[in-house]
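Descriptive analysis of the structure
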Amino acid sequence: MTSVTRQQSHQLDTINRRLPIVILAMVVASALLLLALASFQWLSPEVDREFRQRGLANTTSVETIPAERGLIYDRDGEPLAFNQIEYRFGVSPNLVTDPATVARELALILNLDEFDIYRKITTTTGPWVLITTEGPVSAEVAQQVLDNEELSLPTRGERVWRRFYPQGTLASQILGFTIDENATGAMGLEAYYNDQLAGRTIDEVVSTVPLYAPEAVDEVRQQGMDLVLTIDRDLQFLVESRLAQYVAENNAQSGTIIVMESRTGSILAMASSPTFDPNNFINANVELLTTPAITNTYEPGSIFKILTVAAAIESGTVDENWTYNDTGSLEAASIVVQNSDRKSYGIRNATEVLVNSLNIGVATMAMEMGPDLFYQAMRRFGIGALTRIDISGEASGILKEPGESDWSESDLLTNSFGQGLSVTPIQMITAANAIANDGLMMQPRIVQQRIVGDDVQNIEPVVLRRVIGIDTAHAVRDMMVQVVLDPNGANLAAVPGYSIAGKTGTAQIPNAVGYEEGTSIASFIGFFPADDPRVTVLIRLDRPAGYWGSRTAAPAFQDLAEQLVLYLAIPNDTVRLNLAAQGGHTSTVR
């Protein structure tokens, strides 16, 4: 008995000695286990990122959400381009319990092939498949999908913006159009200001699992910039309507009109015919998807003579006493220059050179100036250079100069009357407008305000440079008034009661072997009132049946000018001068 008791006592002592060690081991093991469990809660950034990405890949998708494209308004706030919301729809196959029903309901609403939808749902292995592959659907159709109980769980709609032009063809060549679901600008203002109009898109994480909400993305979507144009919508409509009439009446191939505010360079209207509808540009003739007023180059012909005369006066080559003897031909630089009517005019002064549009007269001026002075002046007028108007696609025209391999001395003569060089309509009116604006060349502009949220940026008129002095500008202006007053000249452009300064042009059309027979580009450029110009207007008619600018473009100018003085509320000369004498003025466009 005593032996058993001793053995039990020994065992208890052994247990008591080892118990602390066991307890310590258990505590250590527990601590290690707790640390291991805790490590799953506080993973390293790399491991945590990997687990999150795997989880998101299985439960979410990333949707690029475009910013709403900026709107475009005319000068009075009338919308010219805005956005409509449309939707594209897709299905999450893993959430579809009855593919046949989903396919049938979507086909009925979206007017798509039921079998094709069923095939996409049942054969797609990914988390989402696009159903509206032919393009987005309207908000009205989208609402029918969203309201359908059979489709609410597996179907997801993505909002997209579609550009809409409420005025149809109006100002389409200025505005341009957008392509693809990102509404990328393809021409005109839409292309030139594409980055600003587009704003900034964001990537939004979208759940593909019901009742699962992904973490919010802390990004602010930036709406595109709004533009307010210098264009007057009603005036633009008037100009486009009249231009279509002039093209039809003269059986012309096409035509262009630009109306510029003389003191600021702002474009009030700019149109070409034929045109297109930017809402349906896909069906338009691709040749019409341009802005002819800034892209089409041509030899300007006799309207260019006003620049040559201005250059000659500014250089001191020509003054009020200058004359020359017009014998009907001028042989120089291995060519023979003749007047368009092949007549000789005897002793003539500078005013008579413009009134009678004498090629020999301006060629004589150019010869007396010499190439250095002549081409320096043309560069100041911006010939051969971009005007940098804020519309995409502008061409620079061509002006060959001494020192270039393809220039010859004969170019000096032909350039003087608008042959052997090329300009765009916007380039020509910008140069001529410097004469109207007392010798100051203005930057042509089409946008007068840029708006981002509450921030409104006014775009002020910009003077590019002084091209000629005030006295020179007034001298040429007075000559241009005489051009319109002359009964044998461009008097068909005259508007009763108003002083008009203008010049006709009848330009030949070059081809591979010389010039086309029997065709022309007829034009007229002018400004009014002559002594205090409000607007400068260029009219160009391509291949009119009447051929001569004095018989086609000049009457068109008269008709348009009569409409402009009414629309812009320009008083006749008598009323205007009486008002000025009393301290009033009428020099602001409405």
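Owing to the predicted nature of the structure, the values given are computational and were not obtained by experimental measurement. (Residues numbered from 1 in each chain as written. Predicted model: local features only at pLDDT ≥ 70, side-chain atom pairs only at ≥ 80, totals over all residues. Heavy atoms only, no water.)

This brings us to the overall build of the protein chain. In terms of regular secondary structure, the protein chain is built from 19 helices and 25 strands. Expressed as a percentage of the 590 residues in the protein chain, the buried residues total 48%. Within the protein chain, residue pairs in contact and separated by at least 24 positions form 72% of the contacts whose partners lie at least 6 positions apart. (Helix = DSSP H or I, 4+ residues; strand = E, 2+ residues; numbered from the N terminus. Buried < 20%, exposed > 50% of the residue type's maximum accessible area, 1.4 Å probe, protein only. Contact = heavy atoms within 4.5 Å.)

We now examine the packing of aromatic side chains. Taken as a whole and judged by the stated rule, the model has eleven aromatic pairs. Here the aromatic rings of Y375 and W407 are separated by 6.1 Å at their centres, their planes lie at 80 degrees, and the arrangement is edge-to-face. Of the two residues, Y375 sits in helix 14 (residues 371-380) while W407 sits in the loop between helix 14 and helix 15 (409-416), which places them 32 residues apart along the sequence. Given a relative accessible area of 18%, W407 falls into the buried group. Seen from their ring centres, F524 and F557 are 4.5 Å apart, and the 45 degrees between their planes marks the pair as tilted. Here F557 lies in helix 18 (residues 553-567) and F524 lies in strand 24 (residues 521-528), a separation of 33 residues in the sequence. (Phe/Tyr/Trp six-rings, centres within 6.5 Å; stacked < 30°, edge-to-face > 60°.)

With that settled, the discussion passes to the packing of helix 11 (residues 305-314) against helix 14. Remark: helix 11 packs on helix 14, axes separated minimally by 10 Å, with the N-to-C direction vectors making an angle of 115 degrees. In the crossing of helix 11 with helix 14, the sense of the turn from one axis to the other is right-handed. Listed contacts from helix 14 to L307, T308, A311 and E314 of helix 11 are F374, A377, M378 and R380. (Axes fitted to C-alpha atoms, helices over the stretch in contact; angles between N-to-C directions. Left-handed = near helix turned anticlockwise from the far one by under 90°.)

The subject of this paragraph is the pairing of strand 18 (residues 447-452). Judged from the four bridges that link them, strand 10 (residues 226-229) and strand 18 form a sheet pairing that is antiparallel. The residue bridging L229 from the neighbouring strand is V447, located in strand 18. As paired strands, strand 18 and strand 19 (residues 455-458) are joined by four bridges and run antiparallel to one another. The residue bridging Q449 from the neighbouring strand is N458, located in strand 19. Linking strand 18 back to strand 19 in an antiparallel pair, the connection comprises two residues, with G453 at a positive phi of about 60 degrees. (Pairing = 2+ DSSP bridges.)

Okay, the pattern of salt bridges next. Inspection of every chain in the model, using the stated rule, returns 21 salt bridges. In this structure, the salt-bridge partner of D234 is R233, at a minimum N-O distance of 3.5 Å. R233 gets classed as partly exposed once you look at its relative accessible area, which sits at 22%. Ionic pairing is found between R348 and E352, a salt bridge with its closest N-O pair at 3.5 Å. Given the relative accessible area of 22%, R348 is considered partly exposed. A single network of salt bridges, built from pairs that share partners, joins R69, R163 and E190. (Salt bridge = Lys/Arg side-chain N within 4 Å of Asp/Glu carboxyl O.)

On to the side chain of T414. As for its position among the elements, T414 is in helix 15. We classify T414 as buried; its relative accessible area is 16%. If sequence neighbours within four positions are ignored, T414 has contacts with I335 and Q419.

What follows concerns the confidence of the model for the protein chain. Considering every residue of the protein chain, the mean pLDDT works out to 89; 86% of them sit at 70 or more. In this model residues 210-214 is a low-confidence stretch, pLDDT under 50, and it forms ten contacts with partners more than four residues away in sequence or in other chains. Here residues 216-220 is modelled with pLDDT under 50, and outside its nearest four sequence neighbours on either side it reaches six contacts, counting other chains as well. (pLDDT = per-residue confidence, 0-100.)

To continue, consider unusual backbone geometry. Residues S273 and P274 are joined by a peptide bond in cis, for which omega reads 5 degrees. Here P274 is to be found in the loop between strand 12 (267-273) and helix 10 (292-295). Cis rather than trans, the peptide bond between F528 and P529 has omega equal to -15 degrees. You can see P529 is positioned in the loop between strand 24 and strand 25 (535-542).

Quick look at the nonpolar core now. Judged by nonpolar contacts, the single largest core of 130 residues is most densely connected at L307, M378, F381, F528 and V537. Setting aside its immediate chain neighbours within four residues, F528 contacts S499, I500, P533, R534, V535, V537, F557, A561, L564, V565 and I570. (Core = buried A, V, L, I, M, F, W, Y, C linked by side-chain atoms within 4.5 Å.)

It is the contact of helix 9 (residues 233-249) with helix 18, at a shortest axis distance of 11 Å, that shows an interaxial angle of 160 degrees. Of the possible angle classes, the one that applies to helix 9 and helix 18 is roughly antiparallel. For helix 9 against helix 18, the interelement crossing comes out right-handed. Where helix 9 abuts helix 18, its residues D234, L235, L238, V239, R242 and Y246 lie against A556, D559, L560, Q563, L564 and Y567. For the contact of helix 9 with helix 18, the per-class residue count stands at eight nonpolar, one polar and three charged. (Parallel < 35°, antiparallel > 145°, perpendicular 65-115°, else oblique. Nonpolar A, V, L, I, M, F, W, Y, C, P; charged D, E, K, R; others polar.)

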